[in-house]
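Residues per chain are reported as follows:
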Amino acid sequence: MTTTERDWDAIVVGSGMGGLTTAAYLATNGLRTLVLEKHYVAGGNAHVFRRQQKFEFDVGVHYLGDCGPDGGIPTILRGVGLEGKIEFLEMDPDGFDTLMFPGLTFKVPKGWDRYRERLVEALPDDETGIHRCLDVLQGVAAEFGKVQMPVAPEDVPRMMEEAPTFMKWGMRSLAELFDDCHLGQKARAILAAESGDYAAPPSRAPILMHAVLIDHYLKDGGYYPKGGGQVLPAHLVDVIRSHGGEVRTRAGVERIVVEDGRVTGVVTQKGEAIEAPIVVSNADLKRTFLEMIGEEHFSAQTIASVKKYRMALPLFCVYLGLDMDLRDKIPNTNFWVYSTYDIEGLYQDCYEGRIPDELLVLITAASVKDPETEAIAPKGCSSIEIMTLVPAGYEMWGLEKGPAAGEKYHKNEKYQAVKQRLTDALIDGAEQVIPGLKEHIVWKEAATPISQEHFTFSTGGTSYGLEIATDQFGPSRPPPKTEIEGLYLAGASTVYAHGIGGVMSGGVGCASEILGRNLAREVREGRVYGDPSKLTGGGPDWDPWEASRGVAPAKD
Ligand SMILES: Cc1cc2nc3c(=O)[nH]c(=O)nc-3n(C[C@H](O)[C@H](O)[C@H](O)COP(=O)(O)OP(=O)(O)OC[C@H]3O[C@@H](n4cnc5c(N)ncnc54)[C@H](O)[C@@H]3O)c2cc1C
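Computed from a predicted structure; not experimentally measured.

Conventions used here
- Residues numbered from 1 in each chain as written.
- Predicted model: local features only at pLDDT ≥ 70, side-chain atom pairs only at ≥ 80, totals over all residues.
- Heavy atoms only, no water.
- 1 Å grid on protein atoms, 1.4 Å probe; cavity = no way out; pocket = protein on both sides within 12 Å on 5 of 7 lines; lining within 4 Å.
- Points joined across faces, edges and corners; volume = space filled by probe spheres on them.
- Nonpolar A, V, L, I, M, F, W, Y, C, P; charged D, E, K, R; others polar.
- Near = heavy atom within 4 Å.
- Polar contact = N/O pair within 3.5 Å; in protein donor to acceptor, adjacent residues only side chain to side chain.
- Areas by Shrake-Rupley, 256 points an atom, 1.4 Å probe, with all protein chains shown as cover.
- Helix = DSSP H or I, 4+ residues; strand = E, 2+ residues; numbered from the N terminus.
- Domains from an automatic or database assignment.
- Buried < 20%, exposed > 50% of the residue type's maximum accessible area, 1.4 Å probe, protein only.
- Contact = heavy atoms within 4.5 Å.
- Pairing = 2+ DSSP bridges.
- Axes fitted to C-alpha atoms, helices over the stretch in contact; angles between N-to-C directions.
- Buried area = accessible area lost by both parts, 1.4 Å probe.
- Salt bridge = Lys/Arg side-chain N within 4 Å of Asp/Glu carboxyl O.
- Parallel < 35°, antiparallel > 145°, perpendicular 65-115°, else oblique.
- Left-handed = near helix turned anticlockwise from the far one by under 90°.
- pLDDT = per-residue confidence, 0-100.
- Right-handed = clockwise from strand over helix to strand, strands pointing away.

**Describing the layout of surface pockets**
Link 1 in the chain: In this structure, the second largest pocket spans a volume of roughly 350 Å³.
Link 2 in the chain: In this structure, the second largest pocket is lined by 18 residues; those nearest its centre are Gly227, Val231, Gly539, Trp542 and Pro544.
Link 3 in the chain: Among the residues making up the lining of the second largest pocket, the classes are represented as six nonpolar, five polar and seven charged.

**Quick look at the site of the ligand**
Link 1 in the chain: The full set close to the ligand counts 34 residues, and Gly18, Glu37, Asn45, Gly60 and Ile500 are the nearest of them.
Link 2 in the chain: At 3.4 Å from an oxygen atom of the ligand is found a main-chain nitrogen or oxygen belonging to Phe455.
Link 3 in the chain: For the ligand, whose accessible area on its own is 1,000 Å², the fraction buried by protein is 94%.
Link 4 in the chain: Put simply, the parts of the chain that give the shell around the ligand at least two residues each are α1 (17–28), β16 (315–322), α16 (449–456) and α17 (500–515).
Link 5 in the chain: Across the shell around the ligand, the residue classes break down as 17 nonpolar, 15 polar and two charged.
Link 6 in the chain: Both of domain 1 (4–47 + 228–309 + 470–547) and domain 3 (313–460) provide at least three residues apiece to the shell around the ligand.

**A look at the environment of His210**
Link 1 in the chain: Within the secondary structure, His210 sits in helix α9 (residues 207–218).
Link 2 in the chain: According to the relative accessible area criterion, His210 is buried, its value standing at 0%.
Link 3 in the chain: Sequence-wise, His210 and Met100 are 110 residues apart; in three dimensions their C-alpha atoms are separated by 19 Å.
Link 4 in the chain: Sequence-distant contacts of His210, defined by excluding residues within four places in its chain, comprise Leu137, Leu174, Leu191, Ala192 and Tyr198.
Link 5 in the chain: At 3.1 Å, the side chain of His210 forms a polar contact with the backbone oxygen of Leu191.

**Digging into the environment of Gly506**
Link 1 in the chain: Its location among the elements puts Gly506 in helix α17.
Link 2 in the chain: With a relative accessible area of 2%, Gly506 lands in the buried category.
Link 3 in the chain: C-alpha of Gly506 to C-alpha of Ala492: the two residues are 14 residues apart in sequence and 8.3 Å apart in space.

**So, empty space enclosed by the protein**
Link 1 in the chain: This model, assessed by the stated rule, comprises one cavity of 30 Å³ or more.
Link 2 in the chain: In this structure, the largest cavity spans a volume of roughly 30 Å³.
Link 3 in the chain: What lines the largest cavity is simply Phe96, Val108, Tyr115, Glu194, Ile214, Tyr217 and Leu218.

**Some thoughts on the sheet that holds strand β11 (residues 246–248)**
Link 1 in the chain: Read across the open sheet, the five strands follow the order β11-β3-β2-β15-β21; overall the sheet is parallel. On the outer flanks of this sheet lie β11 and β21 (487–489), each paired with one strand and no other. On average, adjacent strands in this sheet sit at an angle of 20 degrees to one another, irrespective of strand direction.
Link 2 in the chain: Sheet topology note: the strand β15 (residues 278–281)/β21 ladder contains three bridges and is parallel. Of the residues in β21, the one forming a bridge with Val280 is Tyr488.

**Digging into the sheet that holds strand β8 (residues 97–101)**
By way of backbone hydrogen bonds, the strands of a sheet pair with one another, either parallel or antiparallel.
Link 1 in the chain: Taken in spatial order, the seven strands of this open sheet run β9-β8-β17-β18-β19-β16-β20, and their pairing is mixed. With one partner strand each, in any of the chains shown, β9 (104–108) and β20 (441–447) form the two edges of the open sheet. Within the sheet, the average angular offset between the axes of one strand and its neighbour, ignoring direction, is 15 degrees.

**Concerning unusual backbone geometry**
Link 1 in the chain: Not every positive phi belongs to a glycine, and Gln52 is a case in point at roughly 55 degrees.
Link 2 in the chain: Turning to its location among the elements, Gln52 is positioned in the loop between β4 (48–51) and β5 (55–58).
Link 3 in the chain: Residue Asp66 is not a glycine yet carries a positive backbone phi of 55 degrees.
Link 4 in the chain: Counting through the fold element by element, Asp66 comes out in the loop between β6 (64–65) and α2 (72–79).

**Observations regarding the domain arrangement of the protein chain**
Link 1 in the chain: Each assigned domain of the protein chain is listed here: domain 1 (4–47 + 228–309 + 470–547), domain 2 (111–219) and domain 3 (313–460).
Link 2 in the chain: Computed over C-alpha atoms only, the centres of domain 1 and domain 3 are separated by 29 Å.
Link 3 in the chain: Listed as interface residues are eight residues of domain 1 and, on the opposing side, eleven residues of domain 3.
Link 4 in the chain: Interface area lost by domain 1 to domain 3 is led by Lys38, Asp284 and Arg287, which between them contribute 55%.
Link 5 in the chain: Applying the counting criterion to the domain 1 and domain 3 interface returns one salt bridge.

**A closer look at the packing of helix α3 (residues 112–122) against helix α4 (residues 127–144)**
Link 1 in the chain: Their axes nearest at 10 Å, the elements α3 and α4 cross at an angle of 155 degrees. By the angle class used here, α3 and α4 are roughly antiparallel. The handedness of the crossing between α3 and α4 is right-handed. The segment α3 lies against α4, with Trp112, Tyr115, Arg116, Leu119 and Val120 engaging Glu127, Ile130, His131, Leu134, Asp135, Leu137 and Gln138.
Link 2 in the chain: Of the residues assigned to the contact of α3 with α4, the class counts are seven nonpolar, two polar and three charged.

**Topic: α2**
Link 1 in the chain: Within α2, seven of the eight residues are buried, which leaves the element mostly enclosed by the surrounding structure.
Link 2 in the chain: Packing partners of the buried residues in α2 comprise α1, β6, β7 (88–90), α10 (231–242), α17 and α18 (519–524).

**Observations concerning the packing of α2 against α17**
Link 1 in the chain: Running from amino to carboxyl end, α2 crosses α17 at an angle of 35 degrees, the nearest separation of the two axes being 10 Å. In the packing of α2 onto α17, the handedness of the crossing is left-handed. Residue-level contacts link Ile73, Ile76 and Leu77 of α2 to Ile500, Gly501, Met504, Ser505 and Val508 of α17.
Link 2 in the chain: Tallied by class, residues from the contact of α2 with α17 come to six nonpolar, two polar and no charged.

**Points about the confidence of the model for the protein chain**
Link 1 in the chain: The pLDDT averaged across the protein chain works out to 96; a share of 98% of its residues lies at or above 70.
Link 2 in the chain: Confidence drops under a pLDDT of 50 for residues 552–556, and excluding neighbours within four residues, the segment shows eleven contacts in the predicted structure.

**Section: the pairing of strand β3 (residues 33–36)**
Link 1 in the chain: Alternating positions in β3 separate into two faces, Thr33 and Val35 on one and Leu34 and Leu36 on the other, with burial throughout.
Link 2 in the chain: Taken together, the four bridges between strand β2 (residues 10–13) and β3 define a ladder with parallel strand orientation. Among the inter-strand pairings, Val13 is bridged to a residue of β3, identified as Leu36.
Link 3 in the chain: This β-α-β element, β2 to α1 to β3, shows right-handed connectivity.
Link 4 in the chain: Here β3 runs beside β11; their pairing, made up of three bridges, is parallel. Looking across to β11, one finds that Val35 is bridged to Val247.

Set out below in structure tokens:
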């Protein structure tokens, strides 16, 4: 028998950081809010997984920016009553990212001025171009705060006055800026080396994206949440549950129900009907529109845009448990190892469906970023993640339809062979910064774009939502409010873009749309909606992973 629940003011489909932030802001503002997550633990890309009761691995929280006391993420957390609940550990201020190219290693320091000095020191022939390029990037980032997105035609004169660099450069490509500054290939490569954070080459990346990304790291350094990535979703789950809401895991949604142009609730994969006048989808954008709701409920123009959107290139990740302690052996940094200065070429290979011969290898070690949390790796051991960009598509994996369509892949020989080849290549790359690594591997596994699709249902196995590109940025991305009454969006594919900071801002923006107030401004002015005395998270015996789970009620 199908059950019907009618207790909720709002349902959030998906428990990524965008969905959980929206839900926490709704719940603390008095809406009875239900989060439904299909995976067995909340957090989406911010969840962690554990192996051998010894190692913990982050899926998508490797480093965060703007986490000082009044930074973006701490401010959002403060608004729901979580001030001081999460400690952010700073990475090496002298180099939170270390960029390694043939014959040149560049440590990215905290602070625009130091960054500028160091770039000029490393590339004296490009001095004039570097200054010009950084003036534009720093100007765009600084002026971004004055911009109301989307820019209304009547606001243009004010913006031309108050944000001239943003208006001139923000939506142009990074490559255009590099050309304008007559930068050489080495300078371009170093400046764009962290483009893996948004998975787009200079020819496609909007200057605004690059400027805001590097600014949010440079202005206050790189950070990692003490206790591992799972503390972020776990504390938001606590806020939701302690303010009249609920978060259910293993509770996938099959359909979002729309009647006469407005949302009325959802039907879960187990067949339960749950009614609510507001539904927020934090799930994949294309699947939300085309599969969970259906083309017939939207305008032809919306459906044409949704079908046309390109997804960001996916990532391939290797997770290693080591019986060797890297604490104090390697700096607290992310290593970006490139064997070429041709970053455009590397992306071009991916766009043309080829795994690049000269792979980017990004190495990060959670047990170095948070040396005290033994759940990540006990003393004497280490937990590391190694990542690279790969082409999208099923063919290179020997698949046809993909796991979201029910295709099995674990025993597919081609799939396993490609996975093995890439795993070996990334481990070889990591040996460059951790010599002897191979001798110390006691746990090894890899996640492909196919695994990403399997776990999060993301189209094309992407990690970052819609591709970040000049024709898919700013007003070209969907806002939180849709044309269907009661249907809202939160997450990486919206106008707020991806990254933990991006989707959390988007969650506040989504809740603001629903409540008809500017919550970001209210919180900046000191408003706190959550009641800290109700919260149960934190403390020595609290396990963020367990706190992020919950079982959906059994079907009748
Ligand atoms: C390998 C990797 C490295 C990254 N590194 C960083 C980093 O260092 N710093 C940083 O800031 N960002 C990083 N990111 C990006 C960041 O993790 C993501 O942008 C962000 O977590 C996405 O949040 P989201 O709100 O879009 O939701 P998602 O994380 O995409 O979660 C969506 C959730 O919806 C659920 N869902 C989907 N369909 C349904 C359904 N039908 N019913 C119920 N639930 C459903 C999924 O299971 C999932 O839990 C990384 C990402 C990856 C993958």
